[in-house]
Amino acid sequence: MSTILETRGLTHVYGAGTPFERVALDHVDLKIEKGEILGVIGHTGSGKSTVIKLVERFADVSEGSITIEGIDIRDLSLHALRGQLGYVPQKAFLFSGTVEENVDYAADELNAERVRAAAEIAQADFVDDMDEGFKTEISQGGTNVSGGQRQRLAIARALATDARAFLFDDSFSALDYKTDAALRHALAEQLGGKTQIIVAQRISTVLNADQIVVLDDGRVVGAGTHEQLMEQGGFYAELYNSQFAQAS
Ligand code: ADP
Ligand code: MG
């Protein structure tokens, strides 16, 4: 196996030296092998989005490093870095334009086949029921689609690129459990073994990941498969029990 992404001692401080200083990540070590699915779970404010933002280089690390195939991401151009990564932000954003323009946003020329393939994996079958299907105009701010539909179109947009790895930052949170499961199944089956980082608050979303990292207040408090984490007890097992009790 070859390591695609690795963080070493990843530390990030927001507002360093100001009264609002906040250590969002504190020496986080992650290692993802090519083709692996990494789940990252933790409560709001635990630092999940910060990991993703640092990988995308929306901010630079305060301390430590992030490497992609052994190369420090600061040594890559932003274009080269982001071209490899299919990033779906926590707040899905739609542009004014048609559904297909929104999905094929990164391409120079629209390709209907690519749009449909991406939409199929993203479980965006609701598009067929829209007035003009993929030609339907998305209203300003995407008010004519629901939160879950917006998330699926944003996911389809990432899938329509030729990224080698996908970063899903809480991108399944507005989906019902059934759609969430169908989508993750399609991603695993149809992405041809591309690397995925799936950030979530719901345990069910990361349960089948090859590796799950548990973040609490910027620190890694557990890592392993679902079974290993359940056996270890502690934070993850408590989270599982609380969410399972809620669901049943
Ligand atoms: P999560 O995605 O797990 O909810 P975040 O990575 O968004 O967590 O945030 C981790 C911590 O960093 C939180 O305490 C949050 O308030 C803080 N934080 C996030 N973004 C900023 C920012 N741009 N400026 C200051 N603090 C921030
Ligand atoms: Mg977040």
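Look above for the structure.
Overview of the structure. (Residues numbered from 1 in each chain as written. Chains lettered and ligands numbered in written order. Predicted model: local features only at pLDDT ≥ 70, side-chain atom pairs only at ≥ 80, totals over all residues. Heavy atoms only, no water.)

**Observations regarding the overall build of the chain**
- Helix and strand counts for the chain stand at nine helices and twelve strands.
- The globule rule puts the C-alpha radius of gyration for 248 residues at 18 Å, and the 18 Å found for the chain is close to it.
- Dimensions of the chain along its principal axes, counting C-alpha atoms only, are 50 × 50 × 45 Å.
- The buried share of the chain, reckoned over its 248 residues, is 49%.
- Considering only contacts in the chain between residues 6 or more positions apart, those separated by 24 or more positions represent 67%.
- About 12300 Å² of surface is accessible on the chain, with carbon and sulfur atoms providing 48% of the total. (Helix = DSSP H or I, 4+ residues; strand = E, 2+ residues; numbered from the N terminus. Rg over C-alpha atoms; globule rule 2.2 N^0.38 Å. Buried < 20%, exposed > 50% of the residue type's maximum accessible area, 1.4 Å probe, protein only. Contact = heavy atoms within 4.5 Å. Areas by Shrake-Rupley, 256 points an atom, 1.4 Å probe, with all protein chains shown as cover.)

**As for the coordination of the magnesium ion (ligand 2)**
- The magnesium ion (ligand 2) binds to the protein through Ser49 (OG) and Gln90 (OE1), with metal-donor distances spanning 2.0 to 2.5 Å. Of the two residues, Ser49 sits in helix H1 (residues 48–55) while Gln90 sits in the loop between strand E6 (85–88) and strand E7 (97–98), which places them 41 residues apart along the sequence. (Donors = N, O, S within 2.8 Å, 3.2 Å for Na, K, Ca; no water.)

**Some points on the site of ligand 1**
- For ligand 1, the full set of nearby residues is Tyr14, Arg22, Ala24, His43, Thr44, Gly45, Ser46, Gly47, Lys48, Ser49 and Thr50.
- Measuring from an oxygen atom of ligand 1, one finds a side-chain N or O atom of Arg22 at 2.5 Å.
- One of the backbone N or O atoms of Ser46 is found 3.2 Å from an oxygen atom in ligand 1.
- When ligand 1 is considered free in solution it has 560 Å² of accessible area, and contact with the protein chains removes 66% of it.
- If you list the elements that add at least two residues to the shell around ligand 1, you get strand E2 (22–33) and H1.
- Ranked by the residues each element gives to the shell around ligand 1, the list is headed by H1, at three residues.
- Considering only residue class, the shell around ligand 1 consists of two nonpolar, seven polar and two charged. (Near = heavy atom within 4 Å. Polar contact = N/O pair within 3.5 Å; in protein donor to acceptor, adjacent residues only side chain to side chain. Nonpolar A, V, L, I, M, F, W, Y, C, P; charged D, E, K, R; others polar.)

**So, helix H6 (residues 177–190)**
- Between its first and last C-alpha atoms H6 spans 20 Å; for 14 residues at 1.5 Å apiece the expected length is 20 Å, and the two agree.
- Along H6, the residues classified as buried are Thr179, Asp180, Leu183, Arg184, Ala186 and Leu187. The buried residues of H6 all sit within an arc of 160° when viewed along its axis, so they share a single face. Pointing more than 90 degrees away from the buried face of H6 are the exposed residues Tyr177, Lys178, His185 and Glu189. (Expected span 1.5 Å × (residues − 1). Arc of directions from axis to C-beta.)

**What to know about the environment of Ile203**
- Tracing the backbone shows Ile203 in helix H7 (residues 203–206).
- It is 9.6 Å that separates the C-alpha atoms of Ile203 and Val40, two residues lying 163 residues apart in sequence.
- Non-local contacts of Ile203, meaning those with residues more than four positions away in its chain, are made with Ile41, Tyr236, Leu239, Tyr240 and Gln243.

**Section: the packing of aromatic side chains**
- Counted according to the given criterion, the structure contains six aromatic pairs.
- Where Phe93 meets Phe95, the ring centres are 5.2 Å apart and the plane angle is 80°; that geometry is what we call edge-to-face.
- The exposure class assigned to Phe95 is partly exposed, which follows from its relative accessible area of 25%.
- One aromatic cluster is present, built from ring pairs that chain together Phe93, Phe95 and Tyr105.
- The ring of Tyr105 is capped by Arg157, whose NZ or CZ atom sits 5.8 Å from the centre of that ring.
- We note Arg202 situated over the ring of Tyr177; from NZ or CZ to the ring centre the distance is 4.3 Å. (Phe/Tyr/Trp six-rings, centres within 6.5 Å; stacked < 30°, edge-to-face > 60°. Lys NZ or Arg CZ within 6 Å of the ring centre and 35° of its normal.)

**A word on the sheet that holds strand E1 (residues 3–14)**
- The strand order across the open sheet formed by four strands is E2-E1-E4-E5, and the pairing between neighbours is antiparallel. Only two strands of the sheet have a single partner each, and these edge strands are E2 and strand E5 (71–72).
- In terms of strand pairing, strand E4 (residues 63–68) meets E5 through two bridges, oriented antiparallel. Within E5, the residue paired with Thr67 across the bridge is Asp72.
- Sitting on the sheet, H1 touches E1, E2 and E4, and the angle it makes with E1 is about 115°. (Pairing = 2+ DSSP bridges. Axes fitted to C-alpha atoms, helices over the stretch in contact; angles between N-to-C directions.)

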